[in-house]
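So the chains spell out like this:
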Amino acid sequence: MTGFLALELRRSLRDVRYLIIAVAMPIGLYLLFTGLFGAHGQRAQGLPQPVELMIAMIAYGAMWAVFSATGPRIAHERTIGWTRQLRVTPLSPAAALSGKLLTALAAALPAMALVALTAVVSHHVHLSATQWLALFAAMWAGVVPLALLGLAIGYLAGDEIAFPLTMALYFALGALGGLWIPLSVMPHVMQGLAQSLPSNGVAELGWRIAGGQAPVPKAVLVLTVWLLGSAAAALLAYRRRGTRSAH
Amino acid sequence: MYSPNSFGADPPTGHPRDGGTPLIAAIIPAVPGGPGTDALIRLDEVTKRYDSDAAPAVDGVSLQIAPGEAVAVMGPSGSGKSTLLNMIAGLDRPTSGTVTVAGQRIDALSETGVARFRRQQVGMIFQFFNLLDDLTVLDNVLLPAQLAGVGRGQARARADELLQVLAIGPHRHAYPARLSGGQRQRVAIARALVNRPALLLADEPTGALDTANGEQIGELLLDLNRSGQTLVVVTHNPGLAARYASRTIHVADGRIAAGAGAGALR
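Undergrad: So what's going on with the nonpolar core? Which residues, and what values?
TA: Counting residues in hydrophobic clusters, the biggest one holds 82 residues, and the most contacted among them are B:Val73, B:Ile88, B:Ala190 and B:Leu201. Apart from residues no more than four positions distant in its own chain, B:Ile88 is found in contact with B:Ile41, B:Val99, B:Val101, B:Leu201 and B:Val232. Counting 66 residues, the second-largest nonpolar core is a separate cluster that includes A:Val23, A:Leu47, A:Ile55 and A:Ala116.

Next comes the structure, spelled out in structure tokens:
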């Protein structure tokens, strides 16, 4: 299992799409947004703008990190026969599935950390050590439902559609979840929709922790519902593809 | 117990160490037995149903394969030959009947047990090579050893040895996309052999190759078998079966239809 995790992580971190979309893009957007909207203003979350944007972009980068290591990758591996080949290796199916999930989560950490580092270096964002720790732990746990959703896409979608589908989902969750623009400037209906999305849930955890508050039960509930739904979808998709050998 | 008659009219050829190039012989594991010893593979009244309403993919098949044999399984698409291969590899479980490989009832093993069985006993190659295109040839070959927990140095030495013997050593740092189909299948064979499996299973190994490359891979499989590697090949290609297998089993509608080993099949 350790060998599989090391291999998968190495492959994920070398993936050009991961480097561009999960790492470079959130950092670029962070620098762009803080430049455009000013680095000193207060925004709707009651946090300094650089902190609020940092958390939004941490969520944004983590989202693609877990998607890129699951959806398009697994769909491609199914097409080239690697998923089938993996079944012939000493790795059990359960280990292969959990390995994919753990790899996706591990790939999220560098993407999250580099946005935070950019915020600290460029705008001197300061949080206590406890806040940093809690923020990373909560947001990292918050992307688990998205990693599971990526697994479901990977086992259900074809190679040609998996990447555009995941990309569309990524942009939709980012835009509608309040990661690009604050919820307060959205129409009321859109605010309700945003608060039901996991992307907003992940960011909400971070915003609350950075603001010195406990996470709101609603965000935790939303993420729990997405976790259960995504886990069920991933398991069903995996069983549909995995239990019957191609012949 | 194995006896030549129990496997049909044609006794297995290519018995361990009676042929093959010395180089190839060096990469083959010690064969657990040989003619006169227990079967390496034994299927007893094996049936596999994917849907309770549909006809079984495999229907009451019994057969034995001795250590060191090269057996071809032939049949039309959907005849159940790949399902048969998958059950021998521990990838599918029979609905009824028993599958015994190297003395282990693999149909009764847990997932972990089957994974351990595959690590020790099975290497498998497929029609489309199934190589990871973002890893080099060497890294592709190393994968099963890494997944089995073999130390990097030991795995690397074994992979280098295989790549050299299979004549793809100069391409060890190339990516699969830069290789010909025949070279890619050689990489897949090296990957299948890296953990020294007792059994090499091949599902249409020449199906995606042109005639010349197909011949080369056939020769390579024959050489491996002559050096003692037990081989089960699923193929549509009667030429491959005739030239490179010591026994051919014909499968139709999930049943053994005929074959040189018909005596072993009930």
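Next comes the rest of the account.
Undergrad: Give a description of the pairing of strand β6 (residues 122-126) of chain B that names residues and reports values.
TA: Residues and elements named next belong to chain B. Summarising burial for β6: five of the five residues are buried, a large majority. With burial as the criterion, each face of β6 is covered, one bearing Val122, Met124 and Phe126 and the other bearing Gly123 and Ile125. Two elements, β6 and strand β7 (residues 199-203), share five bridges in a ladder whose sense is parallel. Paired with Val122 across the strands is Leu199, a residue of β7.

Undergrad: Just give me the short version of the sheet that holds strand β5 (residues 104-105) of chain B, but keep the residues and values in it.
TA: Residue and element names in this part refer to chain B. Judged by pairing direction, the sheet is antiparallel, and its four strands sit side by side in the order β2-β1-β4-β5 without closing on themselves. Each end of this open sheet is capped by a strand with a single partner; those strands are β2 (58-65) and β5. Across five bridges, strand β1 (residues 41-48) lies against β2 in antiparallel orientation. Looking across to β2, one finds that Arg42 is bridged to Gln64. Sheet strands touched by helix α2 (residues 81-89): β1, β2 and β4 (96-101). Its angle to β1, the strand with the most contacts, is close to 125°.

Undergrad: Just give me the short version of the interface of chain A and chain B, but keep the residues and values in it.
TA: Listed as interface residues are 20 residues of chain A and, on the opposing side, 27 residues of chain B. Ranked by residue count, the leading element in the side of chain A that touches chain B is helix α5 (residues 82-88) of chain A, at five residues. Broken down by class, the residue content of the side of chain A that touches chain B amounts to nine nonpolar, seven polar and four charged.

Undergrad: I'd like a description of unusual backbone geometry, backed by residues and values.
TA: Residue and element names in this part refer to chain B. Backbone geometry places Ala102, a non-glycine residue, at a positive phi of 50°. Relative to the helices and strands, Ala102 is located in the loop between β4 and β5. Taking the number of C-beta atoms within 10 Å as the measure of exposure, Ala102 has 21 and is therefore buried. The backbone of Asp253 shows a phi angle near 50°, a positive value even though the residue is not glycine. Its place among the elements puts Asp253 in the loop between β9 (247-252) and β10 (255-259).

Undergrad: Outline helix α6 (residues 93-123) of chain A, supporting the account with residue identities and numerical values.
TA: Taking 1.5 Å as the rise per residue, α6(A) with 31 residues should run 45 Å; its terminal C-alpha atoms sit 46 Å apart, in good agreement. Note on α6(A): the residue one or two positions beyond its end, A:His124, has a positive phi of about 50°.

Undergrad: Please give an account of the environment of A:Ala104 that cites residues and values.
TA: Residue and element names in this part refer to chain A. In this structure, Ala104 sits in helix α6. In this structure Ala104 comes out as buried when scored by C-beta crowding, with 30 C-beta atoms within 10 Å. Separated by 66 residues in the primary sequence, Ala104 and Tyr170 place their C-alpha atoms 15 Å from one another. Sequence-distant contacts of Ala104, defined by excluding residues within four places in its chain, comprise Val66, Ala69, Thr70, Ala147 and Gly150.

Undergrad: I'd love a proper account of the pairing of strand β8 (residues 230-235) of chain B, names of residues and values included.
TA: Residue and element names in this part refer to chain B. With six of six residues buried, β8 lies mostly within the body of the structure. Burial along β8 is two-sided: the face carrying Thr230, Val232 and Val234 and the face carrying Leu231, Val233 and Thr235 are both buried. One ladder, built from five bridges, connects strand β3 (residues 70-74) with β8; its direction is parallel. In the sheet register, Ala70 faces β8, and the bridge partner there is Leu231. As paired strands, β7 and β8 are joined by five bridges and run parallel to one another. In the sheet register, Leu199 faces β8, and the bridge partner there is Thr230.

Parameters and conventions
Residues numbered from 1 in each chain as written. Chains lettered and ligands numbered in written order. Predicted model: local features only at pLDDT ≥ 70, side-chain atom pairs only at ≥ 80, totals over all residues. Core = buried A, V, L, I, M, F, W, Y, C linked by C-beta atoms within 7 Å. Buried ≥ 20, exposed ≤ 12 C-beta atoms within 10 Å, placed from the backbone. Contact = placed C-beta atoms within 7 Å. Helix = DSSP H or I, 4+ residues; strand = E, 2+ residues; numbered from the N terminus. Pairing = 2+ DSSP bridges. Axes fitted to C-alpha atoms, helices over the stretch in contact; angles between N-to-C directions. Nonpolar A, V, L, I, M, F, W, Y, C, P; charged D, E, K, R; others polar. Expected span 1.5 Å × (residues − 1).

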